[in-house]
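Spelled out from the first residue to the last, the chains are:
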Amino acid sequence: TSNDATGGCGGTDATGAPMADSVNKEVFIPADDPIPTTTGIAAAPDGGYYVSSVFNGVIAEYDEAGSYVRTILEPPEGEVLSDQTFSTGTPLGLGVDSTGNLYYADIGVVIMEDSIGPGDVGSLQMISFVDDEPQSPEVVAFDLAFPDGIGIWTPPG
């Protein structure tokens with residue numbers, strides 16, 4: 001909150017910029033089913049949060065207190081990650097536009113012979129909501145190399 005120890009910064013970095021010397025932290029949304037590995041988070045229009053897990057292809061919604069509300073996206077039943085990515089993608093970065101549409105950067109994770117990671121192509125996908133119900137994702141852009149984040153700009157006015 002300020003550039004001195006009384007305001008929370010107990011030191012400075014090599015450039016002389018204020019630097020916190022301690023951090024208080026607590027788990028807000030634990031790694032658990034349906035989100036075993038958190039990879040993206042975005043504010044939901046109702047004050048909660050959307051959280052993604054790239055390794056199981058899930059986007060879940062949590063309320064303001066960090067409690068699970070519902071699953072927004074998951075791969076079709078029976079699909080498993082292999083040398084092919086999930087048909088619904090592997091959501092990494094998340095963003096929400098001014099009308100409430102949820103976008104995700106699909107990095108296209110696959111299981112390779114000796115590792116797991118991005119495949120050859122990724123995409124940008126969008127989930128719209130009708131009567132507060134998530135619709136099937138729509139591909140907005142395809143054939144992207146390593147799409148790992150997203151930002152949404154809303155013009156003023």
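Residues numbered from 1 in each chain as written. Predicted model: local features only at pLDDT ≥ 70, side-chain atom pairs only at ≥ 80, totals over all residues. Heavy atoms only, no water.

Colleague: Looking at this structure, how should I read a nonpolar patch on the surface?
Modeller: Side chains of Phe55, Ile111 and Ile116 sit close together on the surface and give an oily, nonpolar patch of about 260 Å² of accessible area. Along the chain, Ile116 falls in strand S10 (residues 116-118). We classify Ile116 as partly exposed; its relative accessible area is 43%. (Patch = residues over 30% accessible without salt bridge, like charges linked within 9 Å, V, L, I, M, F, W, Y side chains within 5 Å. Areas by Shrake-Rupley, 256 points an atom, 1.4 Å probe, with all protein chains shown as cover. Salt bridge = Lys/Arg side-chain N within 4 Å of Asp/Glu carboxyl O. Helix = DSSP H or I, 4+ residues; strand = E, 2+ residues; numbered from the N terminus. Buried < 20%, exposed > 50% of the residue type's maximum accessible area, 1.4 Å probe, protein only.)

Colleague: Can you walk me through the side chain of Ser123 in this structure?
Modeller: Structurally, Ser123 can be placed in strand S11 (residues 122-127). On the basis of relative accessible area, Ser123 is assigned to the buried category, the value being 2%. Only 3.2 Å separates the side chain of Ser123 from the side chain of Gln125, close enough to count as a polar contact. Setting aside anything within four residues of it in sequence, one finds Ser123 in contact with Tyr104, Ala105, Asp106, Val139, Ala141, Phe142, Leu144 and Pro147. (Polar contact = N/O pair within 3.5 Å; in protein donor to acceptor, adjacent residues only side chain to side chain. Contact = heavy atoms within 4.5 Å.)

Colleague: Teacher, can you tell me more about the pairing of strand S8 (residues 102-106) here?
Modeller: Where a strand is regular, its side chains alternate between the two sheet faces. For S8, a buried count of five out of five residues is recorded, marking the element as mostly surrounded by other parts of the structure. Here S8 shows two buried faces, one formed by Leu102, Tyr104 and Asp106 and the other by Tyr103 and Ala105. Hairpin connection, strand S7 (residues 91-96) to S8: the antiparallel pair is bridged by five residues, and Gly100 has positive phi, about 95°. Here S8 pairs with S11 via five bridges, running antiparallel. (Pairing = 2+ DSSP bridges.)

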